[in-house]
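# Understanding the architecture of this molecule
Okay, here's what each chain looks like letter by letter:
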Amino acid sequence: MDDRQRDLDRRIRRAQRQEFFRNLWEARMIIGGGVVMLSALVFGTMYNATEPTLDKTVLAHLVNEGGVVTTRKGTQYHHETVALDNGTTVILDIPGSDPVRKDAAMKVEIYRKDWGPLHQVTYKFAGYDEAAKAS
C-alpha cells in the first residue's frame, strides 16, 4: 500500500466518522427521549417495588352505602364511603357479598409509601371492631 492509497483511506475513514457524528447530532432528540423514557421506566419500577408500611389502624363509620360490585372473575365487594375518626371521608372496598353493617365501627388500616418527593396513602378494610360494639 503506497502513500497515496493510505492517504485516501484515511480521508474516507475521516469522512465516515464525521458523517456518523453528524447523524448522531441530528438524532439527539430521539436519543434524549429514549433516555428519559428508560429513566421513567426504571424509576417507576423501583417505586412500585417498594412495599407500603402500615402507619396506623383507625376506626371508621359508614357514610354512604354504595352497593355490591361484581368483578369479571365473579368476586364481589362493596364500594362504600366511610368517615374516619378524624373526619376524613374515603372510599373503601369491603370484600364479600354479605350486607355491610351500618351501625358497626370498622377498622381501617392506613398504609403509607414515602419515596423521596413521592407520597402515597392507601386505606384497607381490616374488619369490624367488636370491642366498640360490646361497649
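Structural data are supplied above this passage.
Presented here is an overview of the structure given in this document. None of these values were measured; they are calculated from a predicted model. Residue positions are counted from 1 within each chain, in the order its sequence is given. A pLDDT threshold of at least 70 governs which residues receive local features in this predicted model, and a stricter bar of 80 or more applies before side-chain atom pairs are shown or counted, although totals over entire chains, interfaces and linings include all residues. Heavy atoms from the whole structure form the basis of all side-chain values; hydrogens and water molecules are not counted.

Every patch collects residues that have over 30% relative accessible area and no salt bridge, joining them within 9 Å if they carry like charges and within 5 Å if they are nonpolar side chains (Val, Leu, Ile, Met, Phe, Trp, Tyr). Only the protein chains shown count as cover for residues, and the accessible areas themselves come from Shrake-Rupley with a 1.4 Å probe. When a carboxyl oxygen of Asp or Glu is within 4 Å of a side-chain nitrogen of Lys or Arg, the pair counts as a salt bridge. The grouping of F20, F21, L24, I31 and V35 at the surface amounts to a nonpolar patch, some 480 Å² of accessible area in total. Contributions of two or more residues to the nonpolar patch are made by α1 (3-26) and α2 (28-49). In DSSP terms, a helix is any run of H or I states spanning at least four residues, a strand is any run of E spanning at least two, and both are numbered starting from the N terminus. No other element matches α1, which puts 3 residues into the nonpolar patch. The residue F21 is located in helix α1 in this model.

Summed over all chains, the structure comprises 5 salt bridges. For R6, the salt bridge identified is with D3, shortest N-O distance 2.9 Å. With R6 and D3 both in helix α1 and 3 residues apart, the pair spans about one turn of that helix. Only protein chains enter the calculation, and the probe is 1.4 Å; a residue is then buried if its accessible area is under 20% of its type maximum, exposed if over 50%, and partly exposed in between. On the basis of relative accessibility, which here comes to 59%, the residue D3 falls in the exposed class. Between R112 and D55 there is a salt bridge, with its nearest N and O atoms 2.7 Å apart. Residue R112 is found in strand β5 (residues 106-115), and its partner D55 is found in strand β1 (residues 53-64); the two are separated by 57 residues along the sequence. Three or more residues are tied together by salt bridges with common partners; here these are D7, R10 and R11.

Moving on, we get to the environment of D93. Topologically, D93 is positioned in strand β4 (residues 89-95). Owing to a relative accessible area of 41%, D93 belongs among the partly exposed residues under this scheme. On a C-alpha basis, the gap between D93 and A105 in space is 15 Å, while along the polypeptide they are 12 residues apart. Sequence-distant contacts of D93, defined by excluding residues within four places in its chain, comprise Y77, H78, H79 and F125. In this structure the side chain of D93 is engaged in a polar contact, spanning 2.6 Å, whose partner is the side chain of H79. In this analysis, two residues are considered to be in contact whenever any of their non-hydrogen atoms come within 4.5 Å of each other. Here a polar contact means two N or O atoms within 3.5 Å. Within protein one must be a hydrogen donor candidate and the other an acceptor candidate, and residues neighboring in sequence count only if both atoms are side-chain atoms.

Time to look at the packing of aromatic side chains. Geometry of aromatic contacts follows a simple scheme: Phe, Tyr and Trp rings, the Trp one being its six-membered ring, pair when their centres are within 6.5 Å, and the pair is stacked under 30 degrees between planes, edge-to-face over 60, tilted otherwise. Counted according to the given criterion, the structure contains 4 aromatic pairs. Arranged with centres 5.4 Å apart and planes meeting at 65 degrees, the rings of F20 and F21 form a pair that is edge-to-face. With 5.0 Å between their ring centres and 50 degrees between their planes, F43 and W115 make a pair best called tilted. Note that F43 is positioned in helix α2 and W115 in strand β5, a separation of 72 residues in sequence. Residue classification places W115 among the partly exposed residues on the basis of a relative accessible area of 23%. If you follow R28 out to its NZ or CZ, it ends over the ring of W25, 4.2 Å from the centre. Working rule: Lys NZ or Arg CZ, within 6 Å of ring centre, within 35 degrees of ring normal, means a charge sits over the ring. In this structure, K113 packs its charged tip against the face of Y47, placed 4.6 Å from the ring centre.

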